[in-house]
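Residue-level listing of the chains:
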Amino acid sequence: MRNRWVIPDVHGCSKTLKYLIESRISLSKEDSVYFLGDYIDRGHDSKGVIDFIMGMQNSGYDVHCLRGNHEDYCIRAWEADKKRFLFRSKIEKDWRKNGANRTLLSFSAKRPKEISKFYIDWMKNTKYFIELEDCILVHAGLNFDIDNPFDDVFSMMWLRDFKVDKNKIHGKKVIHGHIPVEMSLIDLFKNNNYDFLPLDNGIYYKNRDGFGNLLAYNIDTQEIIIQHNIDSE
């Protein structure tokens, strides 16, 4: 049976991601995997996360990657740093307040522009949203205050609150990450057929009850696989 798995914000936790993929969901090449973005920052091995996903792509797995706000931070900081000589740009300063230092360290970089263009190009090739026959996948959400929510790519990466208007998205459910949600609430939204499903369980919140896991959601069976963060064990 072909499975369609959705995996939200990994945030540099490469060991947890690898264990989830290889040992918990036993992914086959008949399956599809949809990553919701935020591969980098917070955790210790952002480069390892991207390397692992690239390895899946290069090995023939059906992998689809969205862009999160943390990739947006990285791309814009990298581009700004390429134009500067001494002083940090505002976007770099903002990024460093949100986990960039660990990301730079994982790439053996002191400044954003020292990250290999190879990885920046990979980030630039990620998508803002994916529309499937039964749902819309997006990192943060959609701006339903405008006529066509698909016109606002900034909101797809950065929006923190939205109310779904199914008339504007062909009657489909929105599946997203971005904002950490306590596990019991995620189960509530899933089990009561809400018109949206948040999947970010705050993998980097290791010592907070109800958080600290990486999830894999099966679109077809509605099963959620829960993997606690093992990266610092």
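Residues numbered from 1 in each chain as written. Predicted model: local features only at pLDDT ≥ 70, side-chain atom pairs only at ≥ 80, totals over all residues. Heavy atoms only, no water.

A. A look at the overall build of the protein chain. Of the regular secondary structure elements, the protein chain holds eight helices and nine strands. Here the protein chain has a C-alpha radius of gyration of 17 Å; the compact-globule value for 233 residues is 17 Å, and the two agree. Each of the three principal axes of the protein chain carries a C-alpha extent, and together these read 55 × 45 × 35 Å. A sequence separation of at least 24 residues applies to 64% of the contacts in the protein chain between residues at least 6 apart. Of note, the protein chain has its 34 positive side-chain charges centred 7 Å away from the centre of its 35 negative side-chain charges. (Helix = DSSP H or I, 4+ residues; strand = E, 2+ residues; numbered from the N terminus. Rg over C-alpha atoms; globule rule 2.2 N^0.38 Å. Contact = heavy atoms within 4.5 Å. Lys, Arg positive; Asp, Glu negative; His and termini not counted. Charge placed at Lys NZ, Arg CZ, Asp CG, Glu CD.)

B. Structural context of the sheet that holds strand β7 (residues 196-198). With respect to topology, four strands assemble into an open sheet ordered β4-β5-β6-β7, the strand pairing being mixed. Looking at which strands have only one partner, the edges of the open sheet turn out to be β4 (129-131) and β7. Within this sheet the neighbouring strands show an average axis-to-axis angle of 15°, counted without direction. Note: strand β6 (residues 173-176) against β7, three bridges, orientation parallel. Each bridged residue has a counterpart across the sheet, and for isoleucine 175 the counterpart in β7 is leucine 197. (Pairing = 2+ DSSP bridges. Axes fitted to C-alpha atoms, helices over the stretch in contact; angles between N-to-C directions.)

C. Structural detail: the pairing of strand β9 (residues 224-228). Relative to β9, strand β8 (residues 213-218) runs antiparallel, the two being bridged by five bridges. Along β9, the bridge assignment pairs leucine 215 with isoleucine 226.

D. Seen up close, the sheet that holds β8. Read across the open sheet, the five strands follow the order β3-β2-β1-β8-β9; overall the sheet is mixed. Sheet topology places β3 (62-65) and β9 at the edges, where each strand pairs with a single neighbour. On average, each strand axis in the sheet is tilted by 20° relative to the strand beside it, whichever way the strands run. Strand direction decides the pairing type here: strand β1 (residues 4-7) and β8, joined by two bridges, are antiparallel. By the bridge assignment, tryptophan 5 is partnered in β8 with asparagine 218. Each of β1, β2 (32-35), β8 and β9 touches helix α1 (residues 14-24); the most contacted strand, β9, lies at about 135° to it.

E. Layout of the nonpolar core. Grouped together as the largest cluster of nonpolar side chains are 44 residues, with contacts concentrated most on Ile7, Leu17 and Ile115. Discounting residues that sit within four places of it in the chain, leucine 17 has contacts with Ile7, Val10, Phe35, Val49, Phe52, Ile53 and Leu214. (Core = buried A, V, L, I, M, F, W, Y, C linked by side-chain atoms within 4.5 Å. Buried < 20%, exposed > 50% of the residue type's maximum accessible area, 1.4 Å probe, protein only.)

F. Representation of the packing of aromatic side chains. Per the stated rule, a full pass over the model turns up 14 aromatic pairs. Residues phenylalanine 118 and tyrosine 119 carry aromatic rings whose centres are separated by 5.3 Å and whose planes lie at 85° to one another, so their mutual orientation is edge-to-face. Taken together, Phe144, Phe162, Phe189, Tyr194 and Phe196 form an aromatic cluster joined through their ring pairs. A cation over an aromatic ring shows up here: lysine 29 above the ring of tyrosine 61, its NZ or CZ 5.5 Å from the ring centre. Lying across the ring of tyrosine 204, arginine 42 places its NZ or CZ 5.0 Å from the centre. (Phe/Tyr/Trp six-rings, centres within 6.5 Å; stacked < 30°, edge-to-face > 60°. Lys NZ or Arg CZ within 6 Å of the ring centre and 35° of its normal.)

G. Structural view of the pattern of salt bridges. Inspection of every chain in the model, using the stated rule, returns 12 salt bridges. Aspartate 220 is paired through a salt bridge with arginine 4; the nearest N and O atoms lie 2.6 Å apart. Here the residue aspartate 220 occupies a position in the loop between β8 and β9, and arginine 4 occupies one in strand β1, the gap between them amounting to 216 residues. Its relative accessible area of 40% is what places aspartate 220 among the partly exposed residues. Three or more residues joined by partner-sharing salt bridges are found here, namely Arg4, Glu133, Asp134 and Asp220. (Salt bridge = Lys/Arg side-chain N within 4 Å of Asp/Glu carboxyl O.)

H. The environment of isoleucine 75, seen in detail. Note on placement: isoleucine 75 falls in helix α3 (residues 69-82). Considered as a pair, isoleucine 75 and lysine 124 are 49 residues apart in the sequence and their alpha carbons are 7.5 Å apart. Setting aside its immediate chain neighbours within four residues, isoleucine 75 contacts Arg67, Met123 and Lys124.

I. Local environment of the packing of helix α2 (residues 46-58) against helix α6 (residues 117-124). At a minimum axis distance of 12 Å, the contact between α2 and α6 shows a crossing angle of 65°. It follows from the interaxial angle that α2 and α6 lie roughly perpendicular. Between α2 and α6 lies a crossing whose hand is left-handed. Within the contact between the two elements, α2 uses Lys47, Ile50, Asp51, Ile53, Met54 and Gln57 and α6 uses Phe118, Tyr119, Trp122 and Met123. Of the residues contributing to the contact of α2 with α6, the split by class is seven nonpolar, one polar and two charged. (Parallel < 35°, antiparallel > 145°, perpendicular 65-115°, else oblique. Left-handed = near helix turned anticlockwise from the far one by under 90°. Nonpolar A, V, L, I, M, F, W, Y, C, P; charged D, E, K, R; others polar.)

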